[in-house]
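Analysis of the macromolecular model
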Amino acid sequence: MPKRKRKFNAVSGMFDILPSEYPLWLKIEEVVSSIANFYGFSKITTPILEEEELFVKGTGQDTEIVEKQMYSFKTKGGKRVVLRPEFTPSIVRAYIQNGMESLPKPVKLWSFGPVFRYERPQKGRYRQFWQFNFEIFGDKSPIQDVLLIQIFSDILRDLSLSKWIVEVNSIGCKECRSYYLRQLKNYYKNRLREICPECEKRLKKNPLRLLDCKEEKCQRVKKFAPQIVNSLCEDCHQYLKRVLEILDTIQIPYVLNPYLVRGLDYYTKTVFEFVPQDKKEGQSALIGGGRYDYLINQMGGKDTPAIGGAGGVERIIEEIREQKINILAKRVERFEKKPKMFLAQLGELAKEKSLTLLEEFRKNKIIIGENVGKDNLKVQLEQAAKLGVKYTLILGQREALEDTVIIRNMETGIQEIVFIKDIVKEIKKKVK
Ligand code: AMP
């Protein structure tokens with residue numbers, strides 16, 4: 001009897017990207033890349049394989065990802081390595097290892113590539129999936145949190161996806177979180193019989209994750225659990241308030257979800273997720289992220305505040321398909337050239353208006369530099385001069401109140417004032 005030839009399949013939870021699907025994948029990367037370029041992010045690609053310890057220390061020993069979902073193995077040389085289950089610890093490692101700490105802040109990096117998690121495969125949940133990932137290092141201003149949320153909403157909107165909402169929460173800092181965790185533990189300790197065995201373990205190891213449990217009975221207990229927003233220290237409270245205020249002003253649809261914790265160890269203050277508007281049971285987020293002000297220091301770098309987030313390409317493709325959207329014909333601006341202009345701002349109102357103004361420029365395909373987290377006008381003008389831009393737009397406190405903006409010719413020093421509503425038109429005339 002001749003031996004039967006065996007046919008092979010891709011391993012469970014992993015898929016080929018077929019030639020027929022490629023145009024859509026490329027379009028998504030093109031849209032992400034265009035927005036990353038406009039907002040001054042540089043692309044970085046790190047190895048898929050990393051030391052296991054990087055994620056144990058970075059993502060956190062007791063997180064779902066590290067505890068259960070890592071593809072880890074020993075190399076022939078005896079080193080424990082993993083297929084990366086997320087980007088952030090790798091990007092932080094690369095940032096420290098390659099001397100990027102000495103670059104002017106903020107340092108903005110973006111990536112696009114596969115990540116691996118050993119989860120139970122189902123619709124929208126795979127074992128190899130692709131993410132686009134954004135990180136901003138070295139800026140603690142709440143405006144950066146909103147800028148990142150604006151960037152992700154731009155990506156979805158440019159892909160013609162509009163039926164989503166951003167869930168936002170704050171998980172506080174070292175001080176207020178420990179106070180909250182004590183309250184949370186006390187609450188759950190009295191309800192041990194009402195929660196699942198997995199949550200009993202969570203209570204001991206990582207109590208914040210109790211709020212992530214999808215079991216029905218645990219959901220019932222969660223409904224009355226203390227909320228971290230009520231335990232935030234003054235600083236974290238003001239920070240969250242500011243993030244929400246700016247989101248209101250720039251009209252990004254959001255809800256405060258006091259139980260959103262995102263299950264990773266490194267987050268501080270703001271966490272967010274983009275979820276489908278009419279989210280069905282079990283349906284997951286399209287994009288998620290948060291602030292992580294301690295991680296870089298914890299990984300051996302300098303004390304550096306940071307924020308980042310990632311979106312899942314397969315889930316976005318599923319949304320595009322379900323909504324029967326055709327994006328293939330869409331023309332996408334590349335924004336690869338250096339900016340000829342710079343937007344300098346001063347004051348809280350000016351910062352808010354800057355976000356909208358930047359969007360206005362992006363839609364009009366004019367690239368413009370910015371440093372919206374900075375408070376010092378002189379530093380921003382120096383940055384503009386270093387970039388060699390011909391014009392700097394100055395949006396100070398007075399201008400923000402009067403809805404005007406100053407256009408400064410950097411070569412002659414001549415300044416003129418125009419209304420914000422006319423700025424794009426004026427600039428178009430000048431840089432034609
Ligand atoms: P996370 O790193 O868990 O915050 O995930 C960020 C994004 O990646 C999510 O919002 C999803 O879009 C996507 N994602 C996470 N896990 C999976 C998975 N197992 N399969 C497909 N996409 C995923």
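Definitions and cut-offs
Residues numbered from 1 in each chain as written. Predicted model: local features only at pLDDT ≥ 70, side-chain atom pairs only at ≥ 80, totals over all residues. Heavy atoms only, no water. Buried < 20%, exposed > 50% of the residue type's maximum accessible area, 1.4 Å probe, protein only. Helix = DSSP H or I, 4+ residues; strand = E, 2+ residues; numbered from the N terminus. Pairing = 2+ DSSP bridges. Contact = heavy atoms within 4.5 Å. Axes fitted to C-alpha atoms, helices over the stretch in contact; angles between N-to-C directions. 1 Å grid on protein atoms, 1.4 Å probe; cavity = no way out; pocket = protein on both sides within 12 Å on 5 of 7 lines; lining within 4 Å. Points joined across faces, edges and corners; volume = space filled by probe spheres on them. Nonpolar A, V, L, I, M, F, W, Y, C, P; charged D, E, K, R; others polar. Domains from an automatic or database assignment. Salt bridge = Lys/Arg side-chain N within 4 Å of Asp/Glu carboxyl O. Buried area = accessible area lost by both parts, 1.4 Å probe. Polar contact = N/O pair within 3.5 Å; in protein donor to acceptor, adjacent residues only side chain to side chain. Near = heavy atom within 4 Å. Areas by Shrake-Rupley, 256 points an atom, 1.4 Å probe, with all protein chains shown as cover. Core = buried A, V, L, I, M, F, W, Y, C linked by side-chain atoms within 4.5 Å.

Moving on, we come to the pairing of strand S9 (residues 268-276). When you tally the buried positions in S9, you get nine out of nine residues, the bulk of the element. In the sheet, strand S7 (residues 164-170) pairs with S9 via seven bridges, with the strands oriented antiparallel. Residue Ile 165 lies in a different strand from S9, and its bridge partner there is Val 275. Relative to strand S10 (residues 287-291), S9 runs antiparallel, the two sharing five bridges. Counterpart to Val 271 in the pairing with S10 is Gly 290.

Moving on, we get to the sheet that holds strand S13 (residues 369-370). Sheet architecture is open: five strands sit in the order S13-S12-S14-S15-S16, paired in mixed fashion. Both outer strands of the open sheet, S13 and strand S16 (415-419), are each paired with one neighbouring strand and no more. Pairing geometry for strand S14 (residues 391-395) and strand S15 (residues 404-409), over four bridges, is antiparallel. In the sheet register, Ile 394 faces S15, and the bridge partner there is Ile 406. Contacting strand S12 (341-345), S13 and S14, helix H13 (residues 377-387) runs over the sheet at an angle of about 175 degrees to S12.

Our next topic: the layout of surface pockets. Looking at the second largest pocket, its volume works out to about 870 Å³. Along the walls of the second largest pocket sit 31 residues, with Gly 40, Pro 106, Glu 370, Gln 383 and Leu 387 positioned nearest its centre. Broken down by secondary-structure element, the contributors of at least two residues to the lining of the second largest pocket are helix H1 (22-38), strand S5 (107-116), S13 and H13. The element best represented in the lining of the second largest pocket is H13, accounting for five residues. Per-class residue counts for the lining of the second largest pocket are 16 nonpolar, six polar and nine charged. In this structure, the lining of the second largest pocket is formed jointly by two domains, domain 1 (22-173 + 233-327) and domain 2 (341-431), each of which donates at least three residues.

Inspection of the entire model under this criterion finds 34 salt bridges. With a shortest N-O distance of 3.8 Å, Lys 57 and Glu 53 are connected by a salt bridge. Highlighted residues: Lys 57 and Glu 53, both in helix H2 (residues 52-60), separated by four residues, approximately one helical turn. Between Arg 398 and Glu 402 there is a salt bridge, and its shortest N-O distance comes to 3.4 Å. Residue Arg 398 and its partner Glu 402 are located together in helix H14 (residues 397-402), separated by four residues, close to a single helical turn. Three or more residues are tied together by salt bridges with common partners; here these are Asp 154, Asp 158, Glu 359 and Arg 362.

With that out of the way, let us pick up the domain arrangement of the protein chain. Each assigned domain of the protein chain is listed with its residue range as follows: domain 1 (22-173 + 233-327) and domain 2 (341-431). Computed over C-alpha atoms only, the centres of domain 1 and domain 2 are separated by 29 Å. Contacts between the two partners involve 20 residues from domain 1, matched on the other side by 17 residues from domain 2. Carbon and sulfur atoms supply 55% of the area buried between domain 1 and domain 2, which totals about 1,500 Å² over both sides. The largest contributions to the domain 1 side of the interface with domain 2 come from Phe 38, Ile 143 and Arg 242, which together make up 40% of the buried area. At the surface where domain 1 touches domain 2, the tally comes to five salt bridges. With a closest N to O distance of 2.8 Å, Arg 242 and Glu 348 form a salt bridge. Taken together, the connections running from domain 1 to domain 2 amount to eight residue pairs in polar contact (both at pLDDT 80 or more). Looking at the side of domain 1 that touches domain 2, the elements with two or more residues in it are H1, helix H5 (142-158) and helix H9 (234-249).

So, on to the pairing of S7. Across the seven residues that make up S7, a large majority, seven, are buried. Side-chain alternation along S7 places Trp 164, Val 166, Val 168 and Ser 170 on one buried face and Ile 165, Glu 167 and Asn 169 on a second face that is also buried.

Take the site of the ligand next. Arg 117, Glu 119, Tyr 126, Arg 262 and Leu 286 are the nearest of the 15 residues found near the ligand. In this structure, a nitrogen atom belonging to the ligand sits 3.4 Å away from a main-chain N or O atom of Gly 124. At a separation of 3.3 Å, an oxygen atom of the ligand approaches a polar backbone atom of Ile 287. About the coverage of the ligand: the protein hides 91% of its 490 Å² of free accessible area. Those elements that place two or more of their residues in the shell around the ligand are strand S6 (128-137), S10 and strand S11 (306-312). Within the shell around the ligand, the residues separate by chemical class into six nonpolar, four polar and five charged.

Moving on, we get to the nonpolar core. In this structure, Phe 132, Phe 134, Phe 137, Tyr 188, Phe 361 and Ile 423 are the most contacted members of the largest nonpolar core, which totals 126 residues. Taken together, domain 1 (22-173 + 233-327) and domain 2 (341-431) each give at least three residues to this core, which thus spans both. Discounting chain neighbours no more than four positions away, the residues touching Phe 132 are Val 32, Ser 111, Phe 112, Phe 152, Ile 155, Ile 287, Gly 309, Ala 310, Gly 311, Val 313 and Ile 316.

On the secondary structure map, Gln 380 appears in helix H13. By relative accessible area, Gln 380 is classed as buried at 0%.

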